[in-house]
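This is what each chain is made of:
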Amino acid sequence: MKRKVTLKQIAKELDVSISTVSKALKDSVEISLDTKQKVKAFAKLYNYKPNNIALSLKNRKTKTIGVIIPEIVHHFFTTVIGGVEKVANDKGYNVIICSSNNSFDKEVINLEMLASGSADGFILSIAKETQQKKDYHHIEETINQGMPVVLFDRIIEELVCDKVIIDDSKGAQTATNHLLSTGCKKIAIITTVDYISVGKLRTDGYLKALKANNSTVDKEHILKIDDIDNCEVAIANFLIDKDIDAIFAVNELFAVTAAKIINEQGKKIPDDVSIVSFTDGILSKHFIPSLTTISQHGEEMGIQAAKLLIDKLEESDDTPETYQTVIIDTSLIQRNSTKK
């Protein structure tokens with residue numbers, strides 16, 4: 001018997017991307033005829049069988065929800081999963097959790113694996129690399145073949161599906177306004193590169209707050225980080241001899257790293273530099289000094305995402321297709337990293 005292969009193995013053997021293999025097997029016009037023929041011939045030789053998602057949906061229900069997140073070790077995503085499981089368990093659904101590790105290829109593989117019969121629908125936060133590539137064909141195909149998808153946190157506006165988000169720009173404005181209200185005048189931001197949607201929105205909110213208060217926008221006070229997991233060197237270099245009295249960090253890791261470096265520089269928080277973070281995680285609560293944060297209410301986000309998905313799964317076939325975007329309110333939690 002010929003061994004069965006996966007999309008990943010075909011891509012490796014032919015030295016092309018997983019996206020190219022997936023599109024070639026579906027006769028996408030984006031792929032050349034020569035590449036399509038090579039991919040299909042290899043798939044046939046090794047008995048590759050594309051998923052028949054629609055058939056699976058019509059004939060069988062797994063009562064399982066697939067959740068795909070960018071990072072598994074992240075307090076915010078942990079709270080979202082908690083909210084999803086709370087609703088799913090009440091409704092008699094199981095939950096399978098996968099991490100894309102911010103990889104486009106892994107996100108495609110996870111989606112294909114779960115869609116092959118392991119799950120009835122998906123709750124998904126887009127991987128960093130997927131946002132960078134702007135390639136959403138795997139999600140579009142899943143939706144088009146009849147499997148409901150709910151996007152949360154990192155979403156793609158052009159995808160037609162249910163979404164659960166916070167108002168990232170408004171939350172960032174709240175953070176920046178709080179710093180301004182305590183007398184801070186030289187506020188820096190540590191953020192992500194623009195293709196990461198939440199980072200861009202939070203940067204926009206920071207800029208809006210400064211402009212609304214007639215505060216100077218200094219480009220030297222803006223640090224955009226691409227390699228989030230290895231941010232310490234970039235933040236340390238950014239803070240050398242920086243004339244600032246406050247920092248707004250768009251995630252908890254950036255905030256804690258900045259606070260550590262400021263302490264090492266012999267400065268005091270909040271007397272010399274105030275800090276506000278996004279995401280009210282364990283680090284924010286237990287860091288010394290404890291960090292003022294914008295809470296995203298991850299559990300509520302998970303609850304709303306699960307409700308939207310299960311409603312879709314349980315509606316009758318003749319129900320008109322409608323989609324919602326649920327916006328979760330953020331809130332400022334004041335602790336010891338900002339002045340009273």
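Cut-offs applied
Residues numbered from 1 in each chain as written. Predicted model: local features only at pLDDT ≥ 70, side-chain atom pairs only at ≥ 80, totals over all residues. Heavy atoms only, no water. Helix = DSSP H or I, 4+ residues; strand = E, 2+ residues; numbered from the N terminus. Contact = heavy atoms within 4.5 Å. Buried < 20%, exposed > 50% of the residue type's maximum accessible area, 1.4 Å probe, protein only. Right-handed = clockwise from strand over helix to strand, strands pointing away. Pairing = 2+ DSSP bridges. Phe/Tyr/Trp six-rings, centres within 6.5 Å; stacked < 30°, edge-to-face > 60°. Lys NZ or Arg CZ within 6 Å of the ring centre and 35° of its normal. Core = buried A, V, L, I, M, F, W, Y, C linked by side-chain atoms within 4.5 Å. Axes fitted to C-alpha atoms, helices over the stretch in contact; angles between N-to-C directions. Salt bridge = Lys/Arg side-chain N within 4 Å of Asp/Glu carboxyl O. pLDDT = per-residue confidence, 0-100.

A separate point is the environment of Val 273. The residue Val 273 is located in the loop between helix 12 (252–264) and strand 9 (274–278) in this model. Separated by 57 residues in sequence, Val 273 and Thr 330 have C-alpha atoms that sit 24 Å apart. Sequence-distant contacts of Val 273, that is, excluding residues within four places in its chain, are made with Ile 244, Asp 245, Ala 246, Ile 247, Ile 262, Lys 267, Lys 268 and Ser 337.

As a further point, take the pairing of strand 1 (residues 64–69). Most of strand 1 sits out of view: 6 of its 6 residues are buried. Side chains Thr 64, Gly 66 and Ile 68 project from strand 1 onto one buried face, and the interleaved Ile 65, Val 67 and Ile 69 project onto a second face that is buried too. Traced from strand 1 through helix 5 (residues 75–90) to strand 2 (residues 94–99), the parallel crossover comes out right-handed. Of the pairings in the sheet, the one linking strand 1 to strand 3 (residues 121–124) comprises 4 bridges and is parallel in character. Each residue of the ladder has a partner; that of Val 67, found in strand 3, is Ile 123.

Right, let's get into the packing of aromatic side chains. Per the stated rule, a full pass over the model turns up 3 aromatic pairs. Here Phe 77 and Phe 152 contribute two aromatic rings whose centre-to-centre distance is 6.1 Å and whose plane-to-plane angle is 75°, an arrangement assigned as edge-to-face. Of the two residues, Phe 77 sits in helix 5 while Phe 152 sits in strand 4 (residues 149–152), which places them 75 residues apart along the sequence. Across this residue pair, the class does not change: Phe 77 and Phe 152 are buried. Aromatic ring contacts, followed pair by pair, group Phe 76, Phe 77 and Phe 152 into a single cluster. Positioned above the aromatic ring of Phe 278, the side-chain terminus of Arg 202 is 3.8 Å from the ring centre.

The next thing to look at is the nonpolar core. The biggest cluster of nonpolar side chains holds 69 residues, and the ones touching the most others in it are Ile 123, Ile 235, Ile 247 and Phe 248. In this structure Phe 248 touches Ala 172, Ala 175, Thr 176, Leu 179, Ile 187, Ala 188, Ile 189, Ile 190, Arg 202, Tyr 206, Val 276 and Phe 278, once residues within four positions along its chain are discounted. Core analysis: the second largest hydrophobic core is formed by 20 residues, Ala 115, Ala 119, Val 149 and Ile 156 among them.

Glancing now at the sheet that holds strand 11 (residues 325–328). Strands sit in the order 2-1-3-4-5-11 across an open sheet of 6 strands; the sheet is parallel. Each of the sheet's edge strands pairs with one partner strand only, and the pair in question is strand 2 and strand 11. Mean inter-strand twist for the sheet, computed between neighbouring axes without regard to direction, equals 15°. Relative to strand 5 (residues 162–166), strand 4 runs parallel, the two sharing 3 bridges. Considered in strand 5, the bridge of Val 150 is made with Asp 162. In the packing of helix 5 onto the sheet, the strands contacted are strand 1, strand 2, strand 3 and strand 4, and the crossing angle to strand 2 comes to about 160°.

A word on the pattern of salt bridges. Counted by the stated rule, this structure contains 16 salt bridges. Salt-bridge contacts for Glu 299 lead to Lys 86; the nearest nitrogen and oxygen are separated by 2.5 Å. Here Glu 299 is found in helix 14 (residues 298–314), whereas its partner Lys 86 is found in helix 5, with 213 residues between them in sequence. Taken together, the shared-partner salt bridges in this structure form one network comprising Lys 23, Glu 30 and Asp 135.

A few words on the confidence of the model for the chain. Low-pLDDT portions of the prediction should not be read for the details of their coordinates. When pLDDT is averaged along the chain, the result is 92; 95% of the residues meet or exceed 70. Counting interchain partners and residues more than four positions distant, the pLDDT-below-50 stretch residues 52–59 has 9 contacts.

Looking now at the sheet that holds strand 7 (residues 222–225). What the 6 strands build is an open sheet, ordered 7-6-8-9-10-12; its pairing is mixed. For this open sheet the edge positions go to strand 7 and strand 12 (331–333), each flanked by a neighbour on one side alone. Here the strands of the sheet are splayed against their neighbours by 15° on average, with no regard to which way each runs. Sheet analysis places strand 6 (residues 187–192) next to strand 8 (residues 246–249), joined by 4 bridges and oriented parallel. Bridging across to strand 8, Ile 189 finds its partner in Phe 248. Those strands touched by helix 9 (residues 168–181) are strand 6, strand 8, strand 9, strand 10 (292–295) and strand 12, and its axis lies near 165° from that of strand 9. Across the sheet, helix 12 is in contact with strand 6, strand 7, strand 8 and strand 9; its angle to strand 9 comes to roughly 160°.

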